[in-house]
Amino acid sequence: MSIKKLFLVAAPLLGGSVVGKLTTPHAKADYQEFKQPTFAPPKETFGIVWPLLYTAMGIARCLIEDEADKEEAIAKYDLQLALNYLWSVLYFNFKLRGAAFIESFILLASVISTTVKFFEKNKLAGSLLIPYVAWSAFATYLNGATYQLNEDNPKYSRDKIKITPIKRAE
């Protein structure tokens, strides 16, 4: 494996590790201090899942490297990775929970778009991103549910975005 391909595989994991170091103290405090939704996994889960997802992303990106007309796929990949890192900083460091919730939908759409484009270029590369799509959808649920459970707590969020649940007609 060339140095470039090794870097492509390792880059998301390295970036995720940096973001993790910046956000972990805030994340641990949040998990202890604020209400969590019913389906929230134990906090230890994130330290297992994210390295696996970042590694799969890196392998998928490496597989795309040898494909023709790869520029659009790479641009989509780079965008979703930047949005991924941004979400953690918005949510944990800046406590912009409503903004992070909105960003999570943009991130999910970007992850889906990247997965589709990767699948068009290389079926294995696209398949490697399917768990990331599922996790991103689950993370969007967790973000919204946690926001709703804690929206009345003034320590929970610094932004003024209000997320109101849709009321069912009776």
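Refer to the structure printed above.
Residues numbered from 1 in each chain as written. Predicted model: local features only at pLDDT ≥ 70, side-chain atom pairs only at ≥ 80, totals over all residues. Heavy atoms only, no water.

1. So, the overall build of the protein
Let me state the cut-off plainly: Going along the chain from the N terminus, every DSSP run of H or I of four or more residues is numbered as a helix, and every run of E of two or more is numbered as a strand. Taken over C-alpha atoms, the radius of gyration is set against a globule rule of 2.2 Å times the number of residues to the power 0.38. Whether a residue is buried, partly exposed or exposed follows from its accessible area with a 1.4 Å probe, protein chains only, as a fraction of its type maximum: under 20%, in between, or over 50%, in that order. Contacts are residue-level and defined by heavy atoms, with any inter-residue pair within 4.5 Å sufficient. Computed with a 1.4 Å probe, the accessible areas rest on the Shrake-Rupley method; for each residue, only the protein chains presented here act as cover. In summary, the charge assignment counts Lys and Arg as positive and Asp and Glu as negative, without counting His or the chain termini. To locate a charge, take NZ of a lysine, CZ of an arginine, CG of an aspartate or CD of a glutamate.
Tallying secondary structure elements over the protein gives six helices and zero strands in all. Relative to the compact-globule value of 15 Å for 170 residues, the protein shows a C-alpha radius of gyration of 17 Å, a close match. Dimensions of the protein along its principal axes, counting C-alpha atoms only, are 50 × 40 × 25 Å. Looking at the protein residue by residue over its 170 residues, the buried ones come to 42%. At a minimum sequence separation of 6, the contacts of the protein that also span at least 24 residues come to 74%. Within the structure as shown, the protein displays about 9,700 Å² of accessible surface, and the carbon and sulfur contribution to it stands at 68%. Distance from the positive charge centre (20 side chains) to the negative charge centre (16 side chains) of the protein: 5 Å.

2. Structural notes on the side chain of Asn150
Locating Asn150 in the fold gives a position in helix α6 (residues 130–150). Since its relative accessible area comes to 3%, Asn150 is described here as buried. Beyond its immediate stretch of four places on either side in the chain, Asn150 contacts Phe34, Lys35 and Tyr156.

3. Here's the deal with the packing of aromatic side chains
Put simply, the rule reads: Between rings of Phe, Tyr and Trp, where Trp is taken as its six-membered ring, a pair exists when centres lie within 6.5 Å; planes separated by under 30 degrees are stacked, by over 60 edge-to-face, and by other angles tilted. The rule for a charge over a ring is simple: NZ of Lys or CZ of Arg within 6 Å of the ring centre, and within 35 degrees of the ring normal.
Overall, the coordinates contain 16 aromatic pairs when judged by the stated rule. Against the face of Tyr91 rests Arg97, its NZ or CZ located 4.4 Å from the ring centre. Positioned above the aromatic ring of Tyr156 is the side chain of Arg97, whose terminal nitrogen or guanidinium carbon lies 4.6 Å from the ring centre.

4. Some words on helix α2 (residues 44–64)
Each α-helix turn comprises 3.6 residues. Residues three or four places apart therefore point the same way. The test is simple: One fewer than the residue count of a helix, multiplied by 1.5 Å, yields its expected span.
Between its first and last C-alpha atoms α2 spans 31 Å; for 21 residues at 1.5 Å apiece the expected length is 30 Å, and the two agree. Burial in α2 covers these residues: Val49, Trp50, Leu53, Tyr54, Ala56, Met57, Gly58, Ala60, Arg61, Cys62 and Ile64. Tucked into the core, α2 has its buried residues touching α1 (3–33), α3 (71–93), α4 (97–121), α5 (123–128) and α6.

5. A word on the nonpolar core
Note that soluble globular proteins tend to have their nonpolar side chains buried in a common cluster. Here is the rule we go by: Nonpolar core, defined: a set of buried Ala, Val, Leu, Ile, Met, Phe, Trp, Tyr and Cys residues in which side-chain atoms within 4.5 Å join the residues together.
If you look at the biggest cluster of nonpolar residues, it comprises 22 residues, and the most contacted ones within it are Trp50, Leu53, Met57, Phe118 and Tyr132. Elements with a minimum of two residues in this core: α2, α3, α4 and α6. Per element, the largest residue contribution to this core is seven residues, and it comes from α2. Filtering out sequence-adjacent residues up to four positions away, Phe118 remains in contact with Ala60, Arg61, Ile64, Ala73, Tyr77, Lys123, Ala125, Gly126 and Leu129. One finds Trp87, Leu90, Phe92 and Tyr147 within the second-largest nonpolar core, a separate group that totals eight residues.

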